[in-house]
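So the chains spell out like this:
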Amino acid sequence: MRKKIERTGLVLLNLFFIAVCFGALVPILYAFSVSLNASNSILGSDFSFIPRQFTFANYRAVIIEQPVLLWFRNTVILAVSSVAISLLVAIPAAYSLSRFRFVGRLKIVGGLVLLHSFPAILSMFAIYRLLSPIGLVNTKAGIVLIYIGTMAMFGVLNLKGYFDSVPLEIEEAASIDGANTRQTVTTILLPLAKPTIIVTGIMVLIFVWNEYIYAITFMTGARNYTLAAGLYSLQATEMSGSWPVFASASIVVSLPILVIFFMTQKHMQSGLTAGGVKG
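Reading the values: the criteria
Residues numbered from 1 in each chain as written. Predicted model: local features only at pLDDT ≥ 70, side-chain atom pairs only at ≥ 80, totals over all residues. Heavy atoms only, no water. Helix = DSSP H or I, 4+ residues; strand = E, 2+ residues; numbered from the N terminus. Contact = heavy atoms within 4.5 Å. Areas by Shrake-Rupley, 256 points an atom, 1.4 Å probe, with all protein chains shown as cover. Core = buried A, V, L, I, M, F, W, Y, C linked by side-chain atoms within 4.5 Å. Buried < 20%, exposed > 50% of the residue type's maximum accessible area, 1.4 Å probe, protein only. Phe/Tyr/Trp six-rings, centres within 6.5 Å; stacked < 30°, edge-to-face > 60°. Patch = residues over 30% accessible without salt bridge, like charges linked within 9 Å, V, L, I, M, F, W, Y side chains within 5 Å. Salt bridge = Lys/Arg side-chain N within 4 Å of Asp/Glu carboxyl O. Expected span 1.5 Å × (residues − 1). pLDDT = per-residue confidence, 0-100.

Colleague: Provide a residue-level description of the overall build of the protein chain, including the pertinent values.
Modeller: If you tally the helices and strands in the protein chain, you get 13 helices and 0 strands. Starting at the N terminus and walking to the C terminus, you meet the elements of the protein chain as α-α-α-α-α-α-α-α-α-α-α-α-α. Summarising the internal contacts of the protein chain: among those between residues at least 6 apart in sequence, 72% fall at separations of at least 24. Surface accessibility of the protein chain: about 16600 Å² in total, with carbon and sulfur atoms responsible for 70%.

Shown next as structure tokens:
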């Protein structure tokens, strides 16, 4: 009887999560439906979830008539630069904070946690005052520095959690075999940390891909827009914007992240749990 109750509870729990997943898919399916609709109405009484008139003209407009490909290029440049430099900064910093017992180490970690907890918008004025005198406002280098400063902290904390979980005996055994610190890190620790490094890189990528506040503040002009800022400009006003084109652009710009996520999905769970170990 008890096993039957547990089995019934498990079935109901699975059905609940399936319903939640379908509920989460409704906005995506709605946007996809709007993108195939020949009408520009999404709130009118004549709107149908299944379009009465299918058209792919909205996707053609996104690729040909709108500068989405230019915004895509800008975003890719910012994302690749931010991910690469953030990891180059975060990996050695995380290893140093995890393995070396120097004065002020805990204060540095506490400071990183404190800084990471503040909303980004609180730092807008200070960042502008720092970048303006050196001419980095409205430049890709300036926005990349902002993204690195924002996400390198997350990378350090996440990777430090992983390095804390690696037994010190592994490095001691490598040292006995004649390996120096650099060889131990590059040939032993980094291959072991591959899932966590991939997850950290993906989190930085998703942040840059979707980031809007910094992009719209420090990158002005349509040619400098990122995808997030460009999408907003497509529907800046309800009178002049086209909802089907906006929905089509939203679907198109989401596909690269979706593909990357499915390609690295096997690393997600192990990478996140490994980086979540308390040091």
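Colleague: Give a detailed account of the nonpolar core, specifying residues and quantitative values.
Modeller: Counting residues in hydrophobic clusters, the biggest one holds 54 residues, and the most contacted among them are Ile 143, Ile 146, Tyr 147, Leu 159, Phe 163, Tyr 214 and Phe 218. It is helix α6 (residues 140-165) that contributes the most residues to this core, 13 residues altogether. Setting aside anything within four residues of it in sequence, one finds Phe 163 in contact with Ile 91, Ala 94, Tyr 95, Ser 98, Arg 99, Leu 189 and Ala 193.

Colleague: Lay out the packing of aromatic side chains with the relevant residues and their values.
Modeller: Counting across every chain of the model gives 11 aromatic pairs. With a centroid separation of 5.9 Å and 85° between ring planes, the pair formed by Tyr 95 and Phe 100 is classed as edge-to-face. Tyr 95 gets classed as buried once you look at its relative accessible area, which sits at 9%. An aromatic cluster of three or more residues is present, and its members are Tyr 95, Phe 100, Tyr 162 and Phe 163.

Colleague: Describe a nonpolar patch on the surface, with residues and values.
Modeller: Residues Val 11, Leu 12, Leu 15, Ile 18, Phe 22, Leu 25, Ile 28 and Leu 29 make up a contiguous nonpolar surface patch of roughly 760 Å² in combined accessible area. Position of Leu 25 among the secondary structure elements: in helix α1 (residues 2-35).

Colleague: Explain helix α4 (residues 105-117) residue by residue, including any values.
Modeller: In this model, α4 (13 residues) spans 19 Å end to end at C-alpha, consistent with the 18 Å of a helix rising 1.5 Å per residue. In the core, the buried residues of α4 are packed alongside α3 (68-99) and α6.

Colleague: Lay out the environment of Ile 206 in plain terms, naming residues and giving numbers.
Modeller: Here Ile 206 shows up in helix α9 (residues 194-210). The exposure class of Ile 206 is partly exposed, given its relative accessible area of 29%. Separated by 123 residues in the primary sequence, Ile 206 and Val 83 place their C-alpha atoms 9.9 Å from one another.

Colleague: How would you explain the pattern of salt bridges if you had to name every residue and give the values?
Modeller: Following the criterion strictly, the structure yields 2 salt bridges and no others. Note that Arg 99 and Glu 171 form a salt bridge whose closest N and O atoms lie 2.3 Å from each other. Here Arg 99 is found in helix α3, whereas its partner Glu 171 is found in helix α7 (residues 168-176), with 72 residues between them in sequence. Residue classification places Arg 99 among the buried positions, given a relative accessible area of 17%. Glu 171 gets classed as buried once you look at its relative accessible area, which sits at 11%. Of the charged contacts, one joins Lys 160 and Asp 164 as a salt bridge, the two residues approaching to 2.7 Å between their closest N and O atoms. Of this pair, Lys 160 and Asp 164 both sit in helix α6, 4 residues apart, which is roughly one turn of that helix. Asp 164 gets classed as partly exposed once you look at its relative accessible area, which sits at 25%.

Colleague: I'd like a rundown of the confidence of the model for the protein chain, residues and numbers included.
Modeller: Averaged over all residues, the pLDDT of the protein chain is 81; the fraction at 70 or higher stands at 89%. At the level of individual helices and strands, the protein chain shows its lowest average pLDDT in helix α13 (residues 265-275), which scores 58, and its highest in α3, which scores 90. Scored below 50 in pLDDT, residues 275-279 shows 10 contacts in the model against residues more than four places distant or in partner chains.

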